[in-house]
Amino acid sequence: AAANMMLAILGGRPVLESRVPMLIGGGIDELVAKVLDQSGVKTEPELQSTAAALFRNLYGQRLFQRSQVYPNVLMTLHTLRGDGRTLYCVTNKERKFALPLLEFAGLSGFFSAVFCADTIEDRKPSPNMLRAACTHACVEAEKMLCVGDSRADIVAAQAAGCRVVAVDYGYHHNVPLDELRPDAIVSDMRQLLELSVHSKSDGAVLRAIA
């Protein structure tokens, strides 16, 4: 909705709603560039900057509109917290969008901390935010389990030395996740409760899940 409203203001033609999810994953600036390209708008540097600022404003007004949490996520997070697990959210979203979005989705109360990619160098597949989560949790990387849906999540976790479980839905853009060799692939978040993913060093079941 925000992308097509941005295009309408700039005089571009709308993009198909079904195409927009395929453009998500590299941050707002990359999304805006791709949307402008698909709309046929010439991407002069000044226009690109104006469009990105416009999109951020429109998107911020529409967080979680027409959205819903994936099935069984709330139940799984509740169970994990009840079992004494420490949970973190590690996201490529900017903080000004991620924090209110988690509130709207009813997810913020599950996480001990939220790590956001407010700088390019922190954006996954960089391992920086996962390493920061490990430091915050006072655990070695091999005792942190990352759960994600994309190549960036898997690569970031592997670079950080964390175990990683991939979900087979979300924004992986049809990348064959098994070729990236995550420690496991699940199709339902409840399967996390049945997994025994062990650390490389001592075989202990991982006790911190991000």
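Structure first, text after, so check above.
So, here's what we can say about the structure. (Residues numbered from 1 in each chain as written. Predicted model: local features only at pLDDT ≥ 70, side-chain atom pairs only at ≥ 80, totals over all residues. Heavy atoms only, no water.)

When you go through the chain residue by residue, the secondary structure sums to 7 helices and 6 strands. Its helices and strands taken in sequence order, the chain reads α-α-α-α-β-α-β-α-β-α-β-β-β from the N to the C terminus. Since a compact globule built from 210 residues should have a radius of gyration of about 17 Å, the 18 Å found for the chain is in line with a globular shape. Seen along its three principal axes, the alpha-carbon backbone of the chain occupies a region of about 60 × 30 × 30 Å. Buried positions account for 45% of the 210 residues belonging to the chain. Contacts spanning at least 24 positions in sequence make up 59% of the contacts within the chain whose residues lie at least 6 apart. (Helix = DSSP H or I, 4+ residues; strand = E, 2+ residues; numbered from the N terminus. Rg over C-alpha atoms; globule rule 2.2 N^0.38 Å. Buried < 20%, exposed > 50% of the residue type's maximum accessible area, 1.4 Å probe, protein only. Contact = heavy atoms within 4.5 Å.)

The next thing to look at is the pattern of salt bridges. Tallied over the full model, the rule gives 8 salt bridges. Notably, a salt bridge pairs Glu-17 with Arg-66, separated by 2.7 Å at the nearest N-O pair. Residue Glu-17 is located in the loop between helix H1 (2–10) and helix H2 (28–39), and its partner Arg-66 is located in the loop between helix H3 (45–60) and helix H4 (73–82); the two are separated by 49 residues in the primary sequence. Arg-66 carries the same exposure label as Glu-17, and that label is exposed. Through salt bridges with shared partners, a single network forms among Asp-29, Arg-56 and Glu-94. (Salt bridge = Lys/Arg side-chain N within 4 Å of Asp/Glu carboxyl O.)

Within the secondary structure, Arg-56 sits in helix H3. Side chain to side chain, Arg-56 and Asp-29 meet in a polar contact 3.1 Å long. (Polar contact = N/O pair within 3.5 Å; in protein donor to acceptor, adjacent residues only side chain to side chain.)

Another aspect to go through is the packing of aromatic side chains. Scanning all chains against the criterion turns up 4 aromatic pairs. Seen from their ring centres, Tyr-59 and Phe-97 are 5.1 Å apart, and the 65° between their planes marks the pair as edge-to-face. Placement of the pair is Tyr-59 in helix H3 and Phe-97 in helix H5 (residues 95–105), with a sequence separation of 38 residues. In this structure, Tyr-59 and Phe-97 share a single accessibility class: buried. Here Tyr-88 and Phe-115 contribute two aromatic rings whose centre-to-centre distance is 5.8 Å and whose plane-to-plane angle is 55°, an arrangement assigned as tilted. With Tyr-88 in strand S1 (residues 86–91) and Phe-115 in strand S2 (residues 113–116), the pair connects residues that are 27 residues apart, well separated along the chain. In textbook terms, an aromatic cluster arises when at least three aromatic residues are bridged by ring pairs, as seen for Phe-55, Tyr-59 and Phe-97. (Phe/Tyr/Trp six-rings, centres within 6.5 Å; stacked < 30°, edge-to-face > 60°.)

The values are spatial; any link to function lies outside them.
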